[in-house]
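# Summary of structural features
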Amino acid sequence: MKRSLAAGQELFHEGDPAGSAYLIESGTIAIVTHDEGREVLLSELGAGAILGEMAVIDAAPRTATARAVTDVELIEIDRGQIAERIDRSDPVVRSLLEGLLKRYRNAMSAMRGKVTESEDGFDNAGGMGKIRLESQLRDALASDGLDLRLQPLLEVPAGVIGGYEALVRWTHPERGPVSPAEFIALAEETSLIVPVGEYVLDKACQAIQGLHAGGTAPFVAINVSARQLAEEGLIDRIVVRTRDAGLPQSSVKVEITESLSLDYGMVAGVIAECHGHGIKVAMDDFGTGYSGMEHLHRLAFDTVKVDQAYARNMHASPRAMAILRNMVAMVHDLGADVVVEGIEEERQLDVLRELGVRYAQGYLIGKPQPLAEWLS
Ligand code: C2E
Ligand code: CA
Ligand code: CA
């Protein structure tokens, strides 16, 4: 929208709520502020300059007054046009922008003798906190700051431990243990997921060697996200690693974690590749989030892991119990095995026995622990 101002007319005044930003087509605008009643000229802007964008970006009130020096022609830029772009931008870029604005505003306030914000500018939440965490994760990878826990899966009918799930942990120098739910997502935003995956694979192979040395031959299941699956040669790396370690391919299982953007063609290819090497593939967290019927319908999973929400609710909610019972029957009909996660009580395990479920996983069976705990 076009606007015209006559010389001397104000476009906006210090303290006004943020409205639009403006692009000057022709003429000159003075940006002024007031210091103890005295007017201070901050700048003069001519054709092509943009003004008023700061207040629009962070929705703060105008920090200065804009007044036409000559007759001026402007184009008004709607607040929504800018806000939408900022909202869609990378969180790190957004954080940098907000930080710069805060610094600029502080400098202006200081100039007028009223410092309102701390000297060091913006906080480290959001995008910048993430960048920091990312470089710390990089350090952890280089300095043995990650470790692998193994959580046992009970073979229900036989009453023996059939295998373990590999769950990665990061002990952060200040924050302590950081949940993989947080840092795996972070690692996935960058290429860090590749070395994290390598680490898990290496440690899992060592664990299998240790466990098999005891005489039994349990499997170790590795979590792989959709982002990791998209990396070239993932399955080849698993095959090479296990072969080099002298382990049967069947001692590794792959768990595919839920994802909104599962590329069926690609995942079907990966599953076929796994099957070609005798590696079994499980679908994780079935019955919640994105892990649903479509995945089961289109992909040849060997195992389906029922999300722990069903174990948690099976006794309180007849509906949860009915869904669980039918999920188990359906998965069996497809010729796949069932794991029910989150088993914490004996009576939940009793239900799995009744339903003919093959594997139980949860704190009742065992918590995720370092390999050494399972060797003794
Ligand atoms: P998940 O694959 O569903 O793993 C099961 C999670 O449930 C684990 O949390 C485990 O500690 C927890 N859990 C197991 N039994 C019980 C129980 O009886 N009660 C309760 N309340 N919780 C139980 P964790 O280790 O924090 O892992 C969170 C998620 O992080 C995993 O969910 C998995 O999606 C992801 N993850 C873990 N390790 C890796 C990895 O090496 N690679 C990838 N890509 N993802 C991983
Ligand atoms: Ca899993
Ligand atoms: Ca799960």
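Structural data are supplied above this passage.
Below, the structure is looked at part by part. Positions within a chain are numbered from 1, following the residues in the order the chain's sequence is written. Chains carry letters from A onward and ligands carry numbers from 1 onward, assigned in written order. Restriction of local features to residues with pLDDT of at least 70 applies here, the model being predicted, together with a cutoff of 80 or more for giving and counting side-chain atom pairs; totals for whole chains, interfaces and linings are based on all residues. Side-chain numbers here rest on the full set of heavy atoms in the structure, without hydrogens or water.

Attention shifts here to the coordination of the calcium ion (ligand 2). Distances from the calcium ion (ligand 2) to its protein donors, namely Glu165 (OE), Asn223 (OD1), Glu255 (OE) and Asp284 (OD), fall within the range 2.2 to 2.3 Å. In this structure, the calcium ion (ligand 2) lies 4.1 Å away from the calcium ion (ligand 3), the two metals sharing Asp284 as a donor. Remark: Asp284 occurs in strand S14 (residues 280–286) and Glu255 occurs in strand S13 (residues 252–256); sequence separation between them is 29 residues. You'll find Glu255 and Asp284 in the same group, each marked buried. Donors, by definition, are the N, O and S atoms found within 2.8 Å of a metal, the threshold being 3.2 Å for Na, K and Ca, and water is not counted, so a site can look incomplete. Only DSSP runs of H or I with at least four residues qualify as helices, and only runs of E with at least two residues qualify as strands; both kinds are numbered from the N terminus onward. Accessible area is worked out with a 1.4 Å probe on protein chains only. A residue is then buried under 20% of its type maximum, exposed over 50%, and partly exposed in between.

Buried residues of helix H5 (residues 180–189): Phe183, Leu186 and Ala187, and no others. Along the axis of H5, the buried positions cluster into a sector of 100 degrees, meaning they face one direction only. For H5, exposure combined with an orientation more than 90 degrees from the buried face picks out Ala181 and Glu189. What qualifies as a polar contact is a pair of N or O atoms within 3.5 Å, subject to a donor-acceptor requirement within protein and to the restriction that residues adjacent in sequence count only when both atoms come from side chains. Measuring from the side-chain oxygen of the N-cap residue of H5 to the backbone nitrogen of Ala181 gives 2.9 Å; that N-cap residue is Ser179. This arc corresponds to the set of directions leading from the helix axis out to the C-beta atoms.

Let's shift gears to the nonpolar core. Counting 74 residues, the largest nonpolar core has Leu146, Trp170, Val220, Ile238, Ile256, Val340 and Ala360 as its most contacted members. Among the elements that take part in this core, helix H6 (residues 193–213) stands out by supplying 10 residues, more than any other. Take the buried residues of types Ala, Val, Leu, Ile, Met, Phe, Trp, Tyr and Cys, join any two whose side-chain atoms come within 4.5 Å, and each joined set is a nonpolar core. Ranked by size, the runner-up nonpolar core spans 15 residues in total, among them Leu11, Tyr22, Ile29 and Ala64.

Let us look at the site of ligand 1. One heavy atom suffices: a residue is near a molecule or strand as soon as one of its heavy atoms comes within 4 Å of it. Surveying the vicinity of ligand 1 reveals 23 residues, the closest of which are Gln151, Arg169, Asp284, Glu344 and Tyr363. The contact in question runs from an oxygen atom of ligand 1 to an N or O atom on the side chain of Asn223, over 3.2 Å. Within the side chain of Gln308, one N or O atom sits 3.1 Å away from an oxygen atom of ligand 1. For accessible areas, the Shrake-Rupley method is used with a probe of radius 1.4 Å. Any residue's cover is judged against the shown protein chains and nothing else. In isolation ligand 1 has 800 Å² of accessible area, and contact with the protein removes 84% of it. Those elements that provide at least two residues to the shell around ligand 1 are strand S10 (160–172), H5 and S14. Residue polarity follows a fixed list, in which Ala, Val, Leu, Ile, Met, Phe, Trp, Tyr, Cys and Pro are nonpolar, Asp, Glu, Lys and Arg are charged, and the others, Gly among them, are polar. Broken down by class, the residue content of the shell around ligand 1 amounts to 9 nonpolar, 8 polar and 6 charged.

With that settled, consider the coordination of the calcium ion (ligand 3). Geometrically, a metal with four donors at the corners of a regular tetrahedron has ideal angles of 109.5 degrees, and one with six donors at the corners of a regular octahedron has ideal angles of 90 or 180 degrees. Protein ligation of the calcium ion (ligand 3) involves Asp284 (OD), Asp285 (OD), Glu341 (OE) and Glu341 (OE), the donor distances falling in the range 2.2 to 2.7 Å. Read in sequence order, the donor residues coordinating the calcium ion (ligand 3) give the pattern D-D-x55-E.

What follows deals with the pattern of salt bridges. What counts as a salt bridge is simple: a side-chain nitrogen of Lys or Arg found within 4 Å of a carboxyl oxygen of Asp or Glu. In this structure the tally under the stated criterion is 17 salt bridges. A salt bridge links Arg237 to Glu198, with the nearest nitrogen and oxygen atoms 2.4 Å apart. Of this pair, Arg237 sits in helix H8 (residues 234–244) while Glu198 sits in helix H6, and the two are 39 residues apart along the sequence. By sharing partners, the salt bridges in this structure join Glu165, Glu255, Lys305 and Glu341 into a single network.

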